[in-house]
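Secondary and tertiary structure notes
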Amino acid sequence: MRMILMGPPGAGKGTQAKFVADHFGIPAISTGDIFRFNVSEGTPLGVEAKKYMDAGEYVPDEVTNLMVRNRIDEDDAKPGFLLDGYPRTLAQVEELDGMVKFTGHELDAVVVLTADADELVARLLQRAQVEGRADDTEDVIRRRQEVYAEQTEPLIEVYRDRGLLVEIDGMGDVDDVTGRIFAALDAVRQS
Ligand code: AMP
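Throughout what follows, the structure given in this document is the object of discussion.

Focus: the pattern of salt bridges
Under the counting rule described, the total for this entry stands at 20 salt bridges. A salt bridge links Glu119 to Arg123; the nearest nitrogen and oxygen atoms lie 3.6 Å apart. You can see Glu119 and its partner Arg123 sitting in helix 6 (residues 117-131), four residues apart, about one turn around the helix. We classify Glu119 as partly exposed; its relative accessible area is 33%. Judged by relative accessible area, Arg123 falls into the partly exposed class, the value being 22%. One connected set of salt bridges, linked through shared partners, spans Arg127, Arg133, Asp135, Asp136 and Arg144.

Things to note about the sheet that holds strand 1 (residues 2-6)
Strand order in the open sheet made by the five strands is 2-3-1-4-5, with parallel pairing throughout. With one partner strand each, in any of the chains shown, strand 2 (28-30) and strand 5 (165-169) form the two edges of the open sheet. Strand-to-strand twist of the sheet, defined as the mean angle between neighbouring strand axes without regard to direction, takes the value 20°. In this sheet, strand 4 (residues 109-114) lies alongside strand 1 in parallel orientation, the contact comprising four bridges. Paired with Leu5 across the bridge in strand 4 is Val111.

So, empty space enclosed by the protein
To locate leftover empty space, one rolls a probe as large as a water molecule over the atoms. For the structure on display, the rule yields one cavity of 30 Å³ or more. As a volume, the largest cavity reaches approximately 70 Å³. Lining the largest cavity are Ile4, Leu5, Met6, Gly7, Pro9, Lys13, Gly85, Tyr86, Pro87, Arg88, Tyr148 and Thr152. Among the secondary structure elements, those contributing two or more residues to the lining of the largest cavity are strand 1 and helix 7 (138-152).

Things to note about the layout of surface pockets
In this model, the largest pocket occupies a volume close to 1,000 Å³. For the largest pocket, the lining is made up of 43 residues, of which Lys13, Arg36, Arg127, Arg133 and Arg144 are closest to its centre. Looking at the lining of the largest pocket, the elements that each hand over two or more residues are helix 1 (13-24), helix 2 (31-41), helix 6, helix 7 and helix 9 (174-190). Residue contributions to the lining of the largest pocket peak at six residues, all from helix 6. Grouping the constituent residues of the lining of the largest pocket by class yields 14 nonpolar, 15 polar and 14 charged.

What to know about the nonpolar core
By size, the foremost hydrophobic cluster in this structure holds 24 residues, and its most contacted members are Ile4, Met6, Ile72, Leu83, Leu96 and Tyr159. Breaking this core down by element, the ones donating at least two residues are strand 1, helix 4 (61-72), strand 3 (81-84), helix 5 (90-102), strand 4, helix 7 and helix 8 (154-161). Broken down by element, the residue count for this core peaks at four residues, all from helix 5. Excluding residues within four positions of it along the chain, Ile72 makes contact with Ile29, Ala77, Phe81, Leu83 and Met99. If you look at the next biggest cluster of nonpolar residues, it comprises 19 residues, including Leu5, Ala17, Phe24 and Val177.

Overview of unusual backbone geometry
With an omega of 0°, the peptide bond between Tyr86 and Pro87 qualifies as cis. Within the secondary structure, Pro87 sits in the loop between strand 3 and helix 5.

Description of the packing of helix 1 against helix 9
In the contact formed by helix 1 and helix 9, the axes pass within 10 Å of each other and the chain directions differ by 40°. Considered as vectors, helix 1 and helix 9 are oriented oblique to each other. Between helix 1 and helix 9 lies a crossing of right-handed hand. Seen from helix 1, the contacting residues are Thr15, Gln16, Phe19, Val20, His23 and Phe24; seen from helix 9, they are Val174, Val177, Thr178, Ile181, Phe182, Leu185, Asp186 and Arg189. Class assignment of the residues belonging to the contact of helix 1 with helix 9 gives a composition of eight nonpolar, four polar and two charged.

So, how was this worked out
- Residues numbered from 1 in each chain as written.
- Predicted model: local features only at pLDDT ≥ 70, side-chain atom pairs only at ≥ 80, totals over all residues.
- Heavy atoms only, no water.
- Salt bridge = Lys/Arg side-chain N within 4 Å of Asp/Glu carboxyl O.
- Helix = DSSP H or I, 4+ residues; strand = E, 2+ residues; numbered from the N terminus.
- Buried < 20%, exposed > 50% of the residue type's maximum accessible area, 1.4 Å probe, protein only.
- Pairing = 2+ DSSP bridges.
- Axes fitted to C-alpha atoms, helices over the stretch in contact; angles between N-to-C directions.
- 1 Å grid on protein atoms, 1.4 Å probe; cavity = no way out; pocket = protein on both sides within 12 Å on 5 of 7 lines; lining within 4 Å.
- Points joined across faces, edges and corners; volume = space filled by probe spheres on them.
- Nonpolar A, V, L, I, M, F, W, Y, C, P; charged D, E, K, R; others polar.
- Core = buried A, V, L, I, M, F, W, Y, C linked by side-chain atoms within 4.5 Å.
- Contact = heavy atoms within 4.5 Å.
- Parallel < 35°, antiparallel > 145°, perpendicular 65-115°, else oblique.
- Left-handed = near helix turned anticlockwise from the far one by under 90°.

In structure tokens:
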């Protein structure tokens, strides 16, 4: 399975990505996690990415695309992968198309978690207290929501047109959301 998990900041992508990836026996590849790891290690990639992340902006496509290309080239991603937080721009969609085509495969599904905007801000502010992420302040959260609406929401129609979209209500109990995703993806796998 080659899948994408999309959704606005705070929709629960990271949590669900791990459950879904385990269920299908594939790696969950989170661009946000890879960037955060590089920031904590102080690598050149981390230093570059941090400038954008702290402001709630997207890291430039060239940087992000190269990072994903290298990651999905690794052996564990050969049987499939779940991308969490990538692609986020139309240019990244094109780039991913090229990468997947090169492997001789196709994307199987694009899961979008839908959620209420105010509930998302509340969730992210709560996460800020638990995880202490630098980009979970209210101003930066609002900016991340704007950037998502401007640059990432248009991708939903692109994937809907391709017949790949699986829309899941991301609100409510974490286990219930996971159950909805599994049911929808098991149907995709059997089709
Ligand atoms: P996330 O953990 O997915 O919310 O990502 C945290 C931050 O990392 C985002 O706000 C962006 O600054 C950066 N980032 C993650 N994925 C991407 C991407 N696909 N393109 C550009 N920037 C990204």
